[in-house]
Amino acid sequence: MTFSISLTVNGVRRDVELDNPRVTLLDLLRERLQLTGTKKGCDRGQCGACTVLVDGRRINSCLALALSHDGADIRTIEGVAEGGHLHPVQEAFIAHDALQCGFCTPGQIMSAIGLIQEGQTDGDPERVREGMSGNLCRCSAYAGITEAVLDAQKKLAEAGGTDAGRRDAA
Amino acid sequence: MNDFDYIRPATVPEAVAAAAAPGAAYLAAGTNLLDLMKGGVARPGRLVDVTRLPGLDAVEWLEDGGVRIGAMVRNADLAHDPRFAASFPAVAEALLSGASGQLRNAASVGGNLLQRTRCAYFADLDSACNKRVPGSGCDARAGENRLHAVLGWSDACIATHPSDFCVPLVALDAVVEIEGRGGRREVPLAELHRLPGDAPEKDTALEPGDLIVAVRLPAGAAAFAGHARYIKLRERTSYAFAVVSAAAMLRLEGGVIAEARLTLGGVAAKPWRDAWAEQALAGARPDEEAFRRAAELALAGARPSGDNAFKIELARRLVVRALALAASGTPERVPALPGSPFSSLPELHHDV
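Residues numbered from 1 in each chain as written. Chains lettered and ligands numbered in written order. Predicted model: local features only at pLDDT ≥ 70, side-chain atom pairs only at ≥ 80, totals over all residues. Heavy atoms only, no water.

- Chain B goes by Xanthine dehydrogenase family protein subunit M in an unreviewed UniProt entry, where it is assigned to Ancylobacter mangrovi.

- As recorded in an unreviewed UniProt entry, chain A goes by (2Fe-2S)-binding protein and comes from Ancylobacter mangrovi.

Here's the deal with the UniProt feature "domain: FAD-binding PCMH-type" (unreviewed entry) in chain B
Now for step 1: As recorded in UniProt, the feature "domain: FAD-binding PCMH-type" (unreviewed entry) lies at residues 1–222 of chain B.
Now for step 2: Helix and strand shares over residues 1–222 of chain B are 25% and 17% respectively, and the end C-alpha atoms of the span are 43 Å apart. (UniProt positions renumbered as here; feature names shortened; annotations may be inferred. Helix = DSSP H or I, 4+ residues; strand = E, 2+ residues; numbered from the N terminus.)

Considerations on the interface of chain B and chain A
Now for step 1: Contacts between the two partners involve 46 residues from chain B and, on the opposite side, 43 residues from chain A.
Now for step 2: Taken together, both faces of the contact between chain B and chain A bury some 3900 Å²; the carbon and sulfur share is 47%.
Now for step 3: Taken together, the links from chain B to chain A amount to five salt bridges.
Now for step 4: Across the salt bridge formed by B:Asp77 and A:Arg57, the nearest N and O atoms sit 2.9 Å from each other.
Now for step 5: Within the residue set of the side of chain B that touches chain A, elements represented by two or more residues are α2 (33–38), β3 (46–49), α3 (75–79), α4 (82–87) and α6 (101–106) of chain B. (Contact = heavy atoms within 4.5 Å. Buried area = accessible area lost by both parts, 1.4 Å probe. Salt bridge = Lys/Arg side-chain N within 4 Å of Asp/Glu carboxyl O.)

Some remarks on the domain arrangement of chain B
Now for step 1: Domain boundaries in chain B define domain 1 (5–52) and domain 2 (224–348).
Now for step 2: If you average the C-alpha positions of domain 1 of chain B and of domain 2 of chain B, the two centres end up 36 Å apart. (Domains from an automatic or database assignment.)

Observations concerning the pairing of strand β6 (residues 175–180) of chain B
Along any regular strand, the residues point their side chains to alternate faces of the sheet.
All names here are of chain B.
Now for step 1: Of all six residues making up β6, five are buried, and the element is well covered by its neighbours.
Now for step 2: In this sheet, strand β7 (residues 183–188) lies alongside β6 in antiparallel orientation, the contact comprising six bridges. The partner of Glu179 across the bridge, within β7, is Arg184.
Now for step 3: The turn joining β6 and β7, which pair antiparallel and follow one another in sequence, is formed by two residues.
Now for step 4: Summarising the sheet, β6 and strand β8 (residues 211–217) pair through five bridges and their orientation is antiparallel. If you follow Glu179 over to β8, its bridge partner there is Leu211. (Buried < 20%, exposed > 50% of the residue type's maximum accessible area, 1.4 Å probe, protein only. Pairing = 2+ DSSP bridges.)

A closer look at the side chain of B:Thr160
Residues and elements named next belong to chain B.
Now for step 1: You can see Thr160 is positioned in the loop between α8 (120–123) and α9 (166–171).
Now for step 2: Taking relative accessible area as the criterion, Thr160 reaches 15% and is therefore assigned buried.
Now for step 3: Apart from the residues lying within four places of it in its own chain, the contact partners of Thr160 are Thr117, Leu147, His148, Ala149, Gly266, Val267, Ala268, Ala269 and Lys311.

Regarding the packing of helix α2 (residues 88–95) of chain A against helix α3 (residues 105–118) of chain A
Residue and element names in this part refer to chain A.
Now for step 1: Relative to each other, α2 and α3 sit at 125 degrees, their axes nearing to 10 Å. Here α2 lies oblique to α3, going by the angle between them. In this structure, α2 meets α3 at a crossing whose hand is right-handed. In this structure, α2 contributes Val89, Gln90 and Phe93 to the contact, and α3 contributes Thr105, Gln108, Ile109, Ala112, Ile113 and Ile116.
Now for step 2: Of the residues belonging to the contact of α2 with α3, the class tally is six nonpolar, three polar and no charged. (Axes fitted to C-alpha atoms, helices over the stretch in contact; angles between N-to-C directions. Parallel < 35°, antiparallel > 145°, perpendicular 65-115°, else oblique. Left-handed = near helix turned anticlockwise from the far one by under 90°. Nonpolar A, V, L, I, M, F, W, Y, C, P; charged D, E, K, R; others polar.)

Considering the packing of α2(A) against helix α5 (residues 142–158) of chain A
Residue and element names in this part refer to chain A.
Now for step 1: Between α2 and α5, the least distance of the axes is 8 Å, while the angle of their chain directions is 140 degrees. Compared by their axis directions, α2 and α5 come out oblique. Of the two elements, α2 crosses α5, and the hand of that crossing is right-handed. Taking contact as the criterion, the partners of Pro88, Val89, Ala92 and Phe93 in α2 are, on α5, Ile145, Ala148, Val149, Asp151, Ala152 and Leu156.
Now for step 2: Within the contact of α2 with α5, the residues separate by chemical class into nine nonpolar, no polar and one charged.

Here's the deal with the domain arrangement of chain A
Reports of interface size often rely on the accessible area that becomes lost once the parts have come together.
Residue and element names in this part refer to chain A.
Now for step 1: Splitting chain A by domain gives domain 1 (3–79) and domain 2 (88–158).
Now for step 2: Distance from the C-alpha centre of domain 1 to the C-alpha centre of domain 2: 22 Å.
Now for step 3: Taken together, the 16 residues of domain 1 in the interface contact 16 residues of domain 2.
Now for step 4: Carbon and sulfur atoms make up 59% of the surface buried where domain 1 meets domain 2, a total of about 1200 Å² over both sides.

Some words on the sheet that holds strand β3 (residues 51–54) of chain A
To summarise the sheet geometry, strands pair through backbone hydrogen bonds and adopt either a parallel or an antiparallel arrangement.
Residues and elements named next belong to chain A.
Now for step 1: With mixed pairing, five strands are arranged side by side in an open sheet as β2-β1-β5-β3-β4. Only two strands of the sheet have a single partner each, and these edge strands are β2 (12–18) and β4 (57–60). Looking at each pair of strands side by side, their axes are set apart by 40 degrees on average, direction ignored.
Now for step 2: Direction of pairing for strand β1 (residues 3–9) relative to strand β5 (residues 73–75): parallel, over a ladder of two bridges. Paired with Val9 across the bridge in β5 is Ile74.
Now for step 3: Of the strands in this sheet, β1, β2, β3 and β5 touch helix α1 (residues 25–32), which is tilted by about 100 degrees from β2.
Now for step 4: Its contacts with the sheet put α3 on β3, β4 and β5, and the angle it makes with β3 is roughly 40 degrees.

Focus on the sheet that holds strand β9 (residues 228–233) of chain B
Residue and element names in this part refer to chain B.
Now for step 1: As summarised here, the arrangement of the four strands in space is β9-β10-β11-β12, forming an open sheet in which the pairing is antiparallel. With partners counted over all chains shown, the strands left at the sheet margins are β9 and β12 (272–273), one partner each.
Now for step 2: Alignment of strand β11 (residues 256–265) against β12, held across two bridges, turns out to be antiparallel. Pairing of Leu264 across the sheet is with Trp272, part of β12.
Now for step 3: Each of β9, β10 (244–253) and β11 touches helix α12 (residues 309–327); the most contacted strand, β10, lies at about 35 degrees to it.

Considering α5(A)
Because an α-helix packs 3.6 residues into every turn, residues spaced three or four apart end up facing the same way.
Now for step 1: Across its 17 residues, α5(A) extends 24 Å between first and last C-alpha, which sits within 8% of the 24 Å expected from 1.5 Å per residue.
Now for step 2: Burial in α5(A) covers these residues: A:Gly144, A:Ile145, A:Thr146, A:Ala148, A:Val149, A:Leu150, A:Asp151, A:Ala152, A:Gln153 and A:Leu156. (Expected span 1.5 Å × (residues − 1).)

Topic: α3(A)
Residue and element names in this part refer to chain A.
Now for step 1: Over its 14 residues, α3 runs 20 Å from end to end, which matches the ideal 20 Å to within 8%, given 1.5 Å per residue.
Now for step 2: Summarising burial for α3: 13 of the 14 residues are buried, a large majority.
Now for step 3: After α3 finishes, the residue Gly119 shows a positive phi value of roughly 65 degrees.

Put into structure tokens, the structure is as follows:
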């Protein structure tokens, strides 16, 4: 039995036929759509390398069944730069030397974009570290990653690109 | 991962009928199920996708002041719902102390309740595990078991239930709404999870086809909002399961505890609520002596299942700490490190 699904990936509609329901969103992106920027690290939801935005929210694509996300809007690392300009989070990662080998970086950047949109960190480094704890970096670039997220968040807020005012009352 | 049939039903009755077949399993976000399937621990022949069933994704406030949480509400959405977090702050803190930002965005309320134990022997197909293969034995008994149960365990199984969310929910008398082949019924959350006894393969009171559609908190649960904490000891401060955790809630009147709620996590195959400890706290002043007495009562029946005697004393001290933090008042906002006993120690913060 084959299954047809339709996704919007980085703004482009993609229709995909699956001959088996076992395909994860991660494998669909990498193996069927050749979007290999999203990395397969542990494949078990522990490392965060596969983080993408689904309908604007960061999730682990390795623990998402592609079929279950029929119709979803997906954003991957290939789709965050605009018109030849890097995304402010990408620029901040470079400016703050927030990587060494780079394998975890696409997941870190997608997670950071999701975290900033969630609007809960208030520029507090402790909240940024907590909010980024689902992304492991075995080169341990954590200090730079935290600086990069704080810097990008500040620049995006100044540009009016986030709802930085939203946070929990409780 | 094994082969399976995939079904996406349009209605709850269709879902129940499809999932009642032998070997069928419900798929919500899949953050636990797909992981278990990749490891060969779960091998469902049919997945019944419930993510698009109508009516499961709302947080509804009831006329009597209670709240009804749809089973497909995502953990992050519930934790960040302003009215919910203000009314049930220990539940929000428990949710935010669990997993990672990515997992909380996906994981559902119903799935959180039904997640399986993280016992390493359960996850390892080469190990004997009565929960995974009934009658095969329990390699945890003579293995690495420092994190295993100290309450309610049996010779057949010493696994713990890993949920944070369920711990304050049990403390607050949550009720689970279930749709099954016989129609709708309700089960107190405290009775959903089973102790292992001689049938550890059965985690819950659910029957084939049973679908959790909602979790309800009664109106009175919000009365603890001013003095409610969930404190969770972990081997690292974030993105780790509890070694031991405690939901502690007090209703204070005139400087005296009018009513207390106390439930432990990480110690048994279900959230462990202790009525004796709660009763001993009622009428007492909220001081260390009362908290120590409650801790003794809550752990009175505890015994090590292996190299984990330390968890009993750790749990006692955690009960005292959680009650003291609850007595000092719910913070205005969930702390930067949710559930951490270190959040209140500014000298431990290491700013960039």
